[in-house]
Amino acid sequence: MCGILGTNFISDNFSSALNIMNNRGPDNSSIYTCTNHQFGHTRLSIIDVDDEANQPMIFDDILIVFNGEIYNFCELRTLENLSCVTSSDTEVIIRLYQKYGVDFLNKLNGMFSFVIFDIKKEKYFCARDRYGKKPFFYYFKDNKFIFSSSIKSIIKVLGTTPSLNKIALSQYLQYFASLNDITFYNDIKKLEASSYMLLENNELFIKKYYKINTYKQIDDENKALNDIEELLYKSVESRLVGDVEIGSLLSGGIDSSLISTLYTNISGKKIHTFSVGYSDYKNYSELEYAKIVSKNINSIHHPLEISKNDFLQVFDTVVDALEEPHADSAAFPLYCLTKLINKQGIKVVLSGEGSDELFLGYDNYSKFLKYYEFKDSLSSSQTSFLADISSSLQNNTKESEYLRRVICDENIYNSFGEIYTTLQKKRLFKRLPTFKQEKAKQNPVDWMSYIDLKVWLGQSLLSKVDRISMANSIEVRTPFLDFRLVDYLFSVRSDLKVGDTNKYLLKKIANKYIPEKIIHRTKKGFNSPYNEWIFSIYGDELLDLVLKVNGETNLFNKDYVIMIYNLAKTNKFKQHFWALYIFSYWFNKNYLI
């Protein structure tokens, strides 16, 4: 896990821009200049920790800067008969490029963003992993190209802060984060997941190299269970590659508990596990469940309890580390936990992200399937009648909004992490910035799983996990997001995945490995008492800041903002106000102070 930076011109700010990413790579920092091109790399040494694997790496006039891990690099080296000088996964990427050009990305099993520069051709080849685990930001304007793992590094090279992208704000208020290739800064973009980019002769070309296939091939439950269990074992085992100690995040939920148990079984040793809870709001804490699993697998367990004061102390640091507004309050306890992991001398942990999206773990899924069933049950005359009376429905609740979508033949399900609906945003914004929504797939099970993998997980959760964990120089690996497992689960017949409970298939597998109390407990998610804390700390100062920023930007309707604030004080619409507050805090710090 590392930080990468590059420009197609010489910048006086390059070294200081690279230093911004020291947290992403505290073990080594290097810069290489080639004619008018600069490349920088900060390294967190995990695979082949010797100096020979430092970057930028150059072989045969091919240069690479690479962030991430390729789990199957040893296998590829053998299968592809690659002649390598180092023992690193980085060189394997160069050798594959020499052998196949750009047509090797689907051979890689890992998380990555990298840039290969052909020195003789002056050609850039940039790529990002399938699900967006590793960040890749870039700026390309007036023939000036900058790329980086960090938005701040790009801004440092530019020497000026770009203006606010209002479409990103609209996306964020609905989906927790900016989407697709957009960031909060005009002209700074993201290379989308499962994409590669070529830059040659000042012409930019972007193409997708991977997409999810939803063709159903598996209709036997026993076969599905056996195959999934085998794939899970392989996925965990492959993510144990490296020359450093690997720990495991353990919330006490089924996902992290199963991953930690499989890791223990595969390694045959006592592993380090890490959990976080809250000293003053026990109803949010899952430490007791994590303790049960830890005892079951005999792990070296590190529980952490955080308080309101801990939250206050890290607040500015966390917002800063996220670089853009991000509405997931779980970033704050995650920061405290990864800081503890760093102090324990551990660089890598396994985590359970991806399970809910692939195995239908969210309770919302069963609720939305009922909306789809209701829609299919309506005759054309019934739909027409409901359309006539829909305007009289109360439309400030999500339930009435979902019913309206049924009647109006719109996407019923947009994302698990949907905050403001489109109608609510129309009330909030004085002039709503709009963007195109992806058209839903025909199969609602496939659609919900697919769009959450792409938006809720790919745009929100994974970006949060990367930026927060790397703020403390910790690499997080996600076994559920092995592409072999993802592809397989989308080939399983939908009714087998739905079953008679959430995570039907995973629970059947987990029965072999983890306590029944963990499997059948109520799902909590990575929640925190953020709303209680911010109101007890800041009170009406929260609203004052939002109104101050709105006075400068003139984006929102003041009366609606005040209404959302008053509801949040009673623990209603609290995610709505939190998103507004985080944006306002970020904007104030980056543009007004």
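Here is a short report on the structure shown in this document. Note that the structure is predicted; figures quoted are calculated from it, not measured. (Residues numbered from 1 in each chain as written. Predicted model: local features only at pLDDT ≥ 70, side-chain atom pairs only at ≥ 80, totals over all residues. Heavy atoms only, no water.)

**Observations regarding the pattern of salt bridges**
In step 1: The full count for this structure, using the stated rule, is 34 salt bridges.
In step 2: Residue Asp-482 pairs with Arg-239 through a salt bridge whose shortest N-O separation is 3.0 Å. Within this pair, whereas Asp-482 is found in the loop between β17 (475-477) and α17 (483-490), its partner Arg-239 is found in the loop between α6 (221-238) and β13 (246-249), the two being separated by 243 residues in sequence. Exposure class is identical for Asp-482 and Arg-239. Each is buried.
In step 3: Lys-367 serves as the salt-bridge partner of Glu-399, at 3.8 Å between the closest nitrogen and oxygen. With a gap of 32 residues between them, Glu-399 in helix α14 (residues 398-408) and Lys-367 in helix α12 (residues 363-377) connect regions that are remote in the sequence.
In step 4: A relative accessible area of 41% places Glu-399 in the partly exposed class. (Salt bridge = Lys/Arg side-chain N within 4 Å of Asp/Glu carboxyl O. Helix = DSSP H or I, 4+ residues; strand = E, 2+ residues; numbered from the N terminus. Buried < 20%, exposed > 50% of the residue type's maximum accessible area, 1.4 Å probe, protein only.)

**Comments concerning the packing of aromatic side chains**
In step 1: Counting across every chain of the model gives 58 aromatic pairs.
In step 2: Judged by centre distance (6.2 Å) and plane angle (50°), the rings of Phe-315 and Tyr-581 are tilted. Pair noted here: Phe-315 is in helix α9 (residues 308-322) and Tyr-581 is in helix α24 (residues 574-592), with a separation of 266 residues, a long-range link.
In step 3: A relative accessible area of 3% means that Tyr-581 is categorised as buried.
In step 4: Over the aromatic face of Phe-9 sits the side chain of Lys-144, whose NZ or CZ is 5.0 Å from the ring centroid.
In step 5: Over the aromatic face of Tyr-450 sits the side chain of Lys-441, whose NZ or CZ is 4.5 Å from the ring centroid. (Phe/Tyr/Trp six-rings, centres within 6.5 Å; stacked < 30°, edge-to-face > 60°. Lys NZ or Arg CZ within 6 Å of the ring centre and 35° of its normal.)

**Observations concerning α12**
In step 1: End to end, α12 covers 22 Å across 15 residues, agreeing with the expected 21 Å (1.5 Å per residue, within 8%).
In step 2: Of all the positions in α12, only Tyr-365, Phe-368, Leu-369, Tyr-371 and Tyr-372 are classed as buried. All buried residues of α12 fall inside an arc of 155° around its axis, so they share one side. Facing away from the buried side of α12 by more than 90 degrees, the exposed set consists of Asp-363, Lys-370, Glu-373 and Ser-377.
In step 3: Tucked into the core, α12 has its buried residues touching α11 (355-359), α14, α16 (444-471) and α18 (494-498). (Expected span 1.5 Å × (residues − 1). Arc of directions from axis to C-beta. Contact = heavy atoms within 4.5 Å.)

**A short note on the packing of α9 against helix α21 (residues 530-538)**
In step 1: For the pair α9 and α21, the least separation of the axes is 10 Å and the interaxial angle reads 80°. Viewed along their axes, α9 and α21 adopt a mutual orientation that is roughly perpendicular. Of the residues in α21, those touching α9 at Lys-308, Phe-311 and Leu-312 are Trp-533, Ile-534, Ser-536, Ile-537 and Tyr-538.
In step 2: Split into classes, the residues belonging to the contact of α9 with α21 amount to six nonpolar, one polar and one charged. (Axes fitted to C-alpha atoms, helices over the stretch in contact; angles between N-to-C directions. Parallel < 35°, antiparallel > 145°, perpendicular 65-115°, else oblique. Nonpolar A, V, L, I, M, F, W, Y, C, P; charged D, E, K, R; others polar.)

**Quick look at empty space enclosed by the protein**
To find the voids left in a structure, one rolls a probe of water-molecule size over its atoms.
In step 1: Under the counting rule described, the total for this entry stands at four cavities of 30 Å³ or more.
In step 2: Within this model, the largest cavity holds a volume of roughly 160 Å³.
In step 3: Every residue lining the largest cavity is counted, 17 residues in all, and those nearest its centre are Lys-190, Glu-324, Gln-459, Ser-463 and Arg-467.
In step 4: At five residues, α16 tops the list of elements feeding residues into the lining of the largest cavity.
In step 5: Tallied by class, the residues present in the lining of the largest cavity amount to five nonpolar, six polar and six charged. (1 Å grid on protein atoms, 1.4 Å probe; cavity = no way out; pocket = protein on both sides within 12 Å on 5 of 7 lines; lining within 4 Å. Points joined across faces, edges and corners; volume = space filled by probe spheres on them.)

**What to know about the nonpolar core**
Soluble, globular proteins show a tendency: their nonpolar side chains are buried together.
In step 1: One finds Leu-105, Phe-114, Phe-125, Leu-173, Ile-228, Phe-556 and Phe-583 to be the most contacted residues of the largest nonpolar core, which totals 184 residues.
In step 2: In terms of residues, this core owes the most to one element, α16, which gives 13 residues.
In step 3: Residues within four places of Phe-125 in sequence aside, it is in contact with Tyr-97, Val-102, Phe-104, Leu-105, Phe-114, Val-115, Ile-116, Tyr-196, Met-197 and Leu-198.
In step 4: In terms of nonpolar packing, the next biggest core, distinct from the first, is built from 17 residues, Ile-4, Phe-117, Ile-119 and Met-197 among them. (Core = buried A, V, L, I, M, F, W, Y, C linked by side-chain atoms within 4.5 Å.)

**As for the sheet that holds strand β11 (residues 195-200)**
In step 1: Here we have six strands laid out as an open sheet, ordered β4-β5-β6-β7-β11-β12, and antiparallel in their pairing. Taken across any chain shown, the strands that pair with only one partner, and hence form the sheet edges, are β4 (57-59) and β12 (203-208). Going across the sheet, the axis of each strand differs from the next one's by a mean of 20°, ignoring polarity.
In step 2: With three bridges joining them, β4 and strand β5 (residues 62-70) adopt antiparallel strand pairing. By the bridge assignment for β5, Ile-58 is matched with Leu-63. (Pairing = 2+ DSSP bridges.)

**Describing the layout of surface pockets**
In step 1: The computed volume of the second largest pocket comes to approximately 640 Å³.
In step 2: Lining the second largest pocket are 28 residues, and of these Asp-409, Glu-410, Asn-411, Ile-412 and Ala-440 sit closest to its centre.
In step 3: Listed by contribution, the elements that provide at least two residues to the lining of the second largest pocket are α5 (166-175), α12, α14 and α15 (422-428).
In step 4: In terms of residue count, α15 provides more of the lining of the second largest pocket than any other element does, four residues in total.
In step 5: A class-by-class count of the residues in the lining of the second largest pocket yields eight nonpolar, eight polar and 12 charged.

**With respect to the sheet that holds β13**
In step 1: Here five strands make up an open sheet; going across it, the order is β15-β14-β13-β16-β17 and the pairing parallel. Each of the sheet's edge strands pairs with one partner strand only, and the pair in question is β15 (300-306) and β17. For this sheet, the mean inter-axis angle between neighbouring strands, taken without regard to orientation, is 30°.
In step 2: In the sheet, β13 pairs with strand β16 (residues 348-350) via three bridges, with the strands oriented parallel. The residue bridging Ser-248 from the neighbouring strand is Leu-350, located in β16.

**Thoughts on the pairing of β12**
In step 1: As judged from the six bridges shared by β11 and β12, these two strands associate in the antiparallel manner. By the bridge assignment, Glu-200 is partnered in β12 with Glu-203.
In step 2: What sits between β11 and β12 in their antiparallel hairpin is a turn of two residues, with Asn-201 showing a positive phi close to 55°.

**Points about α9**
In step 1: A rise of 1.5 Å per residue sets the reference length of α9, with its 15 residues, at 21 Å; its end C-alpha atoms lie 20 Å apart and thus fit the reference within 8%.
In step 2: Along its length, α9 reaches its greatest deviation from straightness, about 45°, at Val-314.
In step 3: Phe-311, Val-314, Phe-315, Val-318, Val-319, Ala-321 and Leu-322 are the residues of α9 that are buried.
In step 4: The inward-facing, buried residues of α9 abut α10 (331-343), α16, α21 and α24. (Bend = angle between axes of the 7 residues up to and from the residue.)

**Overview of unusual backbone geometry**
In step 1: With omega at 0°, the peptide bond leading from Gln-55 into Pro-56 counts as cis.
In step 2: Within the secondary structure layout, Pro-56 lies in the loop between β3 (37-43) and β4.
In step 3: Not every positive phi belongs to a glycine, and Asp-61 is a case in point at roughly 65°.
In step 4: Structurally, Asp-61 is set in the loop between β4 and β5.
In step 5: Backbone geometry places Lys-503, a non-glycine residue, at a positive phi of 55°.
In step 6: Note on placement: Lys-503 falls in the loop between α18 and α19 (504-510).

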